[in-house]
Amino acid sequence: MQAQEGAAALVMEQPVVDTGAMTVEAASGDALLPVLLPNVGGEAVVDGAEAARADEVRGLLAAIRRLEGIVEEETVALATGKKIDFDDFSARKSRSMLEFVRLMRARMHLGSEVEITEEIQRLREKLERNRSILEMHYDAVREVATIIVKAIREADSDGTYTGRSAQDGK
């Protein structure tokens, strides 16, 4: 408590300095400095930390947007009926997802950033749409494969080895 009172007394006793009347010699270090100067070194540290955090946010957002782009590209190709290389898309999505997961693990403290949360929500929606279209294509492929297998079995069989009930349609 006494230290705080002493510090307050020092602040009140400091003379008011007219910075406009300062000479070059006084500015170089001979003059008394006012007590309430900003801590330039402290601001640089804060600015540096903020800049580092901003870089982390930008990096994570870039990874999320790359993944979104790949997913959206595949979704559009599937929806429009373009011929696509599923292996290529799978590899690209896997690499991008790995990058995203690694960045998220390393920067878990960024999970509360509003912009990142919004981007992750958009990514989730695009992934859900992509999953739905992929599932539809998978179901169509399965149906076509079933028809082909059935046609091959019927073509290979002349009915010699099938039971009487199969020939009668039972």
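Remember, it's a predicted structure, so these values are computed and weren't measured experimentally. (Residues numbered from 1 in each chain as written. Predicted model: local features only at pLDDT ≥ 70, side-chain atom pairs only at ≥ 80, totals over all residues. Heavy atoms only, no water.)

Draft legend 1. Local environment of a nonpolar patch on the surface. Together, Val144, Ile148 and Ile152 line one region of the surface with nonpolar side chains, adding up to about 260 Å² of accessible area. Examined against the element boundaries, isoleucine 152 turns out to sit in helix α5 (residues 114–156). (Patch = residues over 30% accessible without salt bridge, like charges linked within 9 Å, V, L, I, M, F, W, Y side chains within 5 Å. Areas by Shrake-Rupley, 256 points an atom, 1.4 Å probe, with all protein chains shown as cover. Salt bridge = Lys/Arg side-chain N within 4 Å of Asp/Glu carboxyl O. Helix = DSSP H or I, 4+ residues; strand = E, 2+ residues; numbered from the N terminus.)

Draft legend 2. The environment of lysine 126, seen in detail. Its place among the elements puts lysine 126 in helix α5. For the pair lysine 126 and glutamate 72, spaced 54 residues apart in sequence, the C-alpha separation works out to 6.7 Å.

Draft legend 3. Inspection of the packing of helix α4 (residues 86–106) against α5 at higher detail. As a packed pair, α4 and α5 sit with axes 15 Å apart at the nearest point and diverge in direction by 155°. Judged on the interaxial angle alone, α5 and α4 are roughly antiparallel. At the point where α4 passes α5, the crossing takes the left-handed sense. Contact residues: α4 offers Phe86, Lys93, Phe100 and Met104, while α5 offers Ile120, Asn130 and Leu134. (Axes fitted to C-alpha atoms, helices over the stretch in contact; angles between N-to-C directions. Parallel < 35°, antiparallel > 145°, perpendicular 65-115°, else oblique. Left-handed = near helix turned anticlockwise from the far one by under 90°. Contact = heavy atoms within 4.5 Å.)

Draft legend 4. The nonpolar core, seen in detail. If you look at the biggest cluster of nonpolar residues, it comprises 12 residues: Val57, Leu60, Leu61, Ala63, Ile64, Leu67, Val71, Phe100, Leu103, Met104, Ile116 and Leu123. Where this core is concerned, the elements lending two or more residues are α3 (40–80), α4 and α5. Top contributing element to this core by residue count: α3, with seven residues. Grouped together as the second largest cluster of nonpolar side chains are six residues, Ile70, Leu78, Ile84 and Phe89 included. (Core = buried A, V, L, I, M, F, W, Y, C linked by side-chain atoms within 4.5 Å. Buried < 20%, exposed > 50% of the residue type's maximum accessible area, 1.4 Å probe, protein only.)

Draft legend 5. Summary view of the side chain of serine 96. As for its placement among the helices and strands, serine 96 is situated in helix α4. With residues near it in sequence (within four places) discarded, serine 96 still touches Ala63, Arg66, Leu67 and Ile70.

Draft legend 6. Structural detail: the pattern of salt bridges. Within the structure shown, the criterion is met by 13 salt bridges. Here aspartate 55 ties to arginine 58 by a salt bridge, and the two come within 2.2 Å at their closest N and O atoms. Pair noted here: aspartate 55 and arginine 58 are both in helix α3, with a separation of three residues, about one helical turn. Aspartate 55 sits in the partly exposed class, given a relative accessible area of 46%. A salt bridge links arginine 66 to glutamate 99, with the shortest nitrogen-to-oxygen separation between them at 2.5 Å. Taken as a pair, arginine 66 in helix α3 and glutamate 99 in helix α4 lie far apart in primary sequence, 33 residues in all. Exposure remark for arginine 66: the relative accessible area of 42% places this residue in the partly exposed category. Several salt bridges converge on common partners, so that one network encompasses Arg65, Glu115, Glu119 and Arg122.

Draft legend 7. Molecular detail of the side chain of glutamate 119. Inspection of the secondary structure puts glutamate 119 in helix α5. There is a polar contact of 2.4 Å between the side chain of glutamate 119 and the side chain of arginine 122. Non-local contacts of glutamate 119, meaning those with residues more than four positions away in its chain, are made with Leu61, Ile64, Arg65 and Glu68. (Polar contact = N/O pair within 3.5 Å; in protein donor to acceptor, adjacent residues only side chain to side chain.)

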